[in-house]
Amino acid sequence: MDTVNIKELNERIERESAFVDILSMEMGKVIVGQKHLVDNLLIGLLANGHILLEGLPGLAKTLAINTLAKSINAKFNRIQFTPDLLPADLIGTMIYSQKSEDFQIKKGPVFANFILADEINRSPAKVQSALLEAMQERQVTIGDHTYKLPEPFLVMATQNPIEQEGTYPLPEAQVDRFMLKVVVTYPKKEEEKLIVRMNNSGLFPSPKPVLSPEDIVKARSVVRDVYMDEKIERYIVDIVYATRTPDEYGLKSLKDLISFGGSPRASISLAMASKAYAFIKRRGYVIPEDVRAVCYEVLRHRIGLTYEAEAENITTENIISDILNAVEVP
């Protein structure tokens, strides 16, 4: 194992992560509060993962990703998922051109840097799987041709926790494709007052591009260089293992509440998100607090609850809290 010069690495990360503050400031001009949401958008962006957002209507979910796209000068498309949407409406299709007497490819809205899949649970499985394939493979096949999607490519899907009539819930196996699941809550009173004031005055600040998509691609490779000690790796694996075999960690009571735990993808996502969080905090190494900070977002949608848990009103958040309290911190 090469010895890592933490001091040098720390200074380098501090230099390379200077843009995080500028980007947060630019987004803060438009979005009042919602720091948690903005931080998680940055984590997803830097760790090259997609984000599932759950929150009531009107909580600035669309505004947030639109602002992020403008600040990075990237192409942004919003796709409203409806029950009659077809995969071709998303990825594109082949159109016969009479002029050239040949089929031509018409690319769909998925060809952008940022995709907002609004109310993803409103459309049938065929469309959901077309989007999830694009997310996983970073490419789209139309006819005989395969097209690479632009870099960076970030999908932010929203789902509404209310109104379950006429929705197609995402299958558990597909929810796993999202690195983070973020629950968006109401703003604080002071923040809401500001929001009302901004809307009343009609003065909407618009974000200026402060970065380019290339900067993000470059920053991602720096995020990978953030140092993670073997103790932290073990801590991450212990947390994910505790979701599968809770009794090994003295959590016998959870055994009947969990139907399935996190997959190896959960461990990978937890490690990458912790590195991105350390980067946002402008540090060159990961500490246990970083892991705990992103743990809920990474594991929230990866733990299956049994009927007993649902009957007792136990949520995945309760289970994650119990695990974090039980697993030994390095």
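Below or above, wherever it landed, is the structure these notes cover. Just so you know, these numbers come straight off a predicted model, no measurement behind them.

Some remarks on the overall build of the protein chain
Each helix and strand in the protein chain was counted, giving 14 helices and 11 strands. Computed over C-alpha atoms, the radius of gyration of the protein chain comes to 21 Å, within 12% of the 20 Å expected from 2.2 N^0.38 for 330 residues, which places it in the range of a compact globule. When its C-alpha atoms are laid out on the principal axes, the protein chain stretches across 70 × 50 × 50 Å. Each of the 330 residues in the protein chain was classed as buried or not, and the buried ones make up 49%. A separation threshold of at least 6 residues defines the contact pool for the protein chain, and within that pool the share at least 24 residues apart is 79%. Here the protein chain displays about 16600 Å² of accessible surface, and carbon together with sulfur accounts for 52% of that area.

What about the environment of P209?
Looking at the secondary structure, you find P209 in the loop between α8 (189-201) and α9 (213-224). Separated by 33 residues in sequence, P209 and A242 have C-alpha atoms that sit 43 Å apart. Among all residues touching P209, those that are not within four sequence positions of it are K70, S71 and N73.

Some points on a nonpolar patch on the surface
A contiguous nonpolar patch, built from M94, Y96 and F103 and spanning about 320 Å² of accessible area, is present on the exposed surface. Of note, M94 is situated in strand β3 (residues 92-97). Residue class for M94 comes out partly exposed when judged on its relative accessible area of 35%.

What counts, and at which threshold
Residues numbered from 1 in each chain as written. Predicted model: local features only at pLDDT ≥ 70, side-chain atom pairs only at ≥ 80, totals over all residues. Heavy atoms only, no water. Helix = DSSP H or I, 4+ residues; strand = E, 2+ residues; numbered from the N terminus. Rg over C-alpha atoms; globule rule 2.2 N^0.38 Å. Buried < 20%, exposed > 50% of the residue type's maximum accessible area, 1.4 Å probe, protein only. Contact = heavy atoms within 4.5 Å. Areas by Shrake-Rupley, 256 points an atom, 1.4 Å probe, with all protein chains shown as cover. Patch = residues over 30% accessible without salt bridge, like charges linked within 9 Å, V, L, I, M, F, W, Y side chains within 5 Å. Salt bridge = Lys/Arg side-chain N within 4 Å of Asp/Glu carboxyl O.

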